[in-house]
Amino acid sequence: MSLFTEGVSKKEAVFIDLGAGFGEFSIFFAKNFPDAKVFAVEASKGRQEIIRNRLCGISNLSIVSSLEEIPKSEFAIVFANEFFDAQVVRVFRKNEEFCEELYYDSLLNKFVFTKVTASELPASVIKHLKDIPDNTIFEFETDIGELFRVLRRFNKVWLLIIDYGFQIGEIERFREGTLVGFKDNLFINNPLKRIVDGDILDVTHQVNFTFLNEEARQNGFKFFFIKSLGSFIVEYLEDHLQSFSIEERNFLLKIALPHFLGDSFKVALISNRSKKK
Ligand SMILES: C[S@@+](CC[C@H](N)C(=O)[O-])C[C@H]1O[C@@H](n2cnc3c(N)ncnc32)[C@H](O)[C@@H]1O
């Protein structure tokens, strides 16, 4: 915690759970840090209602729909667990000579790839196009740049991201793109076909942390680290072994296993502060 709060009083700080879902983290945090001002940012009205019903007298937690609703303050600690994989994406395909983007064609009633010019590509994509093999489908989260611009309303920000994703060097593993769907807890491959057929389902994708890094950098933020969840847990346990019971350690080590969540999930720490000398 010292990394985050050093030199900052709790009065100046806000704690933000970005994409709070059912509010597990916000509620845990508000209960354990009763002096802190905690904000659960959740777009879904239904989920906001669920969080509200779970508050049971917790008074230092506010539920808002967007970051803009949080009053400006000096310092913000932002936690985003599986937030970025839920963001809107543009889907591209890189070919030998040009890029195509996926559009819905209402006459054909299907999604089709259509050629785009360089000026229609985001700068972060252009910068890394050379790293993407030909005939690869990839996603770009359209709203990340704006998110970092809004975060600049806080002078100092620490943003901790936990999400499943990859860096561009690993893109060879995802040549067909990473969009998948879920419905009633069942995994659905080729979700766009199902949507065209009139089905309603959750669509998610693997976060491209290289694009995310680029969007952060363009807005004055930088990555302090990015590592697999497995490495993060093991390193944290090494330093804080005594803080956990044997059951808790075993639980964390299970999560850290590569074939469970340890490899596919990444942890990234991003800030607009410069590193302390
Ligand atoms: C995959 S869930 C993760 C929920 C929670 N963080 C967790 O780990 O259990 C993503 C959540 O982010 C919310 N969300 C997505 N985009 C959002 C946005 N732009 N602003 C606020 N909430 C958003 C969704 O409604 C959803 O509840």
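Predicted model, so just to flag it, every value in this text is computed and none were measured. (Residues numbered from 1 in each chain as written. Predicted model: local features only at pLDDT ≥ 70, side-chain atom pairs only at ≥ 80, totals over all residues.)

1. Things to note about the overall build of the protein
The helix and strand tally for the protein stands at 10 helices and 15 strands. Summarising its shape, the C-alpha atoms of the protein cover approximately 55 × 45 × 40 Å along the three principal directions. Put simply, the protein has 277 residues, and 29% of those count as buried. Intrachain contacts of the protein at a sequence separation of at least 6 include 67% that bridge at least 24 residues. (Helix = DSSP H or I, 4+ residues; strand = E, 2+ residues; numbered from the N terminus. Buried ≥ 20, exposed ≤ 12 C-beta atoms within 10 Å, placed from the backbone. Contact = placed C-beta atoms within 7 Å.)

2. A look at the site of the ligand
The full set close to the ligand counts 14 residues, and Gly19, Gly21, Ala43, Asn81 and Glu82 are the nearest of them. In terms of residue class, the shell around the ligand is built from five nonpolar, five polar and four charged. (Near = placed C-beta within 6 Å. Nonpolar A, V, L, I, M, F, W, Y, C, P; charged D, E, K, R; others polar.)

3. Thoughts on the packing of helix 5 (residues 144–151) against helix 7 (residues 209–218)
Here helix 5 crosses helix 7 at 40 degrees, and the two axes come no closer than 9 Å. Classified by the angle their axes make, helix 5 and helix 7 are oblique. At the point where helix 5 passes helix 7, the crossing takes the right-handed sense. Facing Ile144, Gly145 and Phe148 of helix 5, the residues of helix 7 in contact are Leu212, Glu215, Ala216 and Gln218. Looking at the contact of helix 5 with helix 7 residue by residue, the classes come out as four nonpolar, two polar and one charged. (Axes fitted to C-alpha atoms, helices over the stretch in contact; angles between N-to-C directions. Parallel < 35°, antiparallel > 145°, perpendicular 65-115°, else oblique. Left-handed = near helix turned anticlockwise from the far one by under 90°.)

4. Description of the packing of helix 8 (residues 229–240) against helix 9 (residues 246–256)
Working note: a packed helix pair is described by the angle between its axes plus the distance between those axes. Packing of helix 8 against helix 9 leaves a shortest axis separation of 8 Å and a crossing angle of 150 degrees. Put simply, helix 8 runs roughly antiparallel to helix 9. For the element pair helix 8 and helix 9, the recorded crossing hand is left-handed. On helix 9, the residues touching Leu229, Gly230, Ile233, Val234 and Leu237 of helix 8 are Arg249, Leu252, Ile255 and Ala256. Residues of the contact of helix 8 with helix 9, tallied by class, amount to seven nonpolar, one polar and one charged.

5. Focus: the nonpolar core
By size, the foremost hydrophobic cluster in this structure holds 48 residues, and its most contacted members are Ile16, Ala76, Val78 and Leu159. Contact partners of Ala76, with chain neighbours within four places excluded, come to Val14, Ile16, Phe154 and Val157. Formed by five residues, the second largest nonpolar core is a distinct cluster that contains Leu229, Phe232, Ile233 and Phe265. (Core = buried A, V, L, I, M, F, W, Y, C linked by C-beta atoms within 7 Å.)

6. Structural notes on the sheet that holds strand 12 (residues 202–204)
Across the sheet, which stays open at both edges, the three strands sit in the order 11-10-12 with antiparallel pairing between neighbours. Two strands in the sheet have a free side with no partner beyond their single neighbour: strand 11 (186–188) and strand 12. On average, adjacent strands in this sheet sit at an angle of 30 degrees to one another, irrespective of strand direction. With three bridges joining them, strand 10 (residues 180–183) and strand 12 adopt antiparallel strand pairing. From the neighbouring strand, Val180 faces strand 12, where its bridge partner is Thr204. (Pairing = 2+ DSSP bridges.)

7. Brief notes about the sheet that holds strand 7 (residues 110–116)
Reading across from one edge, 7-6-5-8 is the order of the four strands in this open sheet, with antiparallel pairing throughout. If you trace the sheet from one side to the other, it starts and ends with strand 7 and strand 8 (136–141), each paired once. The mean angle between the axes of side-by-side strands here comes to 40 degrees, regardless of whether they run parallel or antiparallel. Two strands pair when backbone bridges link them, and strand 6 (residues 99–105) and strand 7 are joined in this way by seven bridges, in the antiparallel orientation.

8. Some points on the environment of Leu237
Note on placement: Leu237 falls in helix 8. Given 16 C-beta atoms within 10 Å, Leu237 falls into the partly exposed group. Residues within four places of Leu237 in sequence aside, it is in contact with Arg249 and Leu252.

9. Examining the environment of Phe79
Within the secondary structure, Phe79 sits in strand 4 (residues 75–81). Along the sequence, Phe79 and Ala123 sit 44 residues apart, while their C-alpha atoms lie 26 Å from each other. Beyond its immediate sequence surroundings of up to four residues, Phe79 is in contact with Ile16, Asp17, Leu18, Phe25 and Leu160.

10. A look at unusual backbone geometry
In this structure, Cys56 is a non-glycine residue whose phi angle is positive, near 40 degrees. Structurally, Cys56 can be placed in the loop between helix 3 (45–53) and strand 3 (61–64).

11. Considering the environment of Phe39
Position of Phe39 among the secondary structure elements: in strand 2 (residues 37–41). Residues Phe39 and Leu18 lie 21 residues apart in sequence; the distance between their C-alpha atoms is 8.4 Å.

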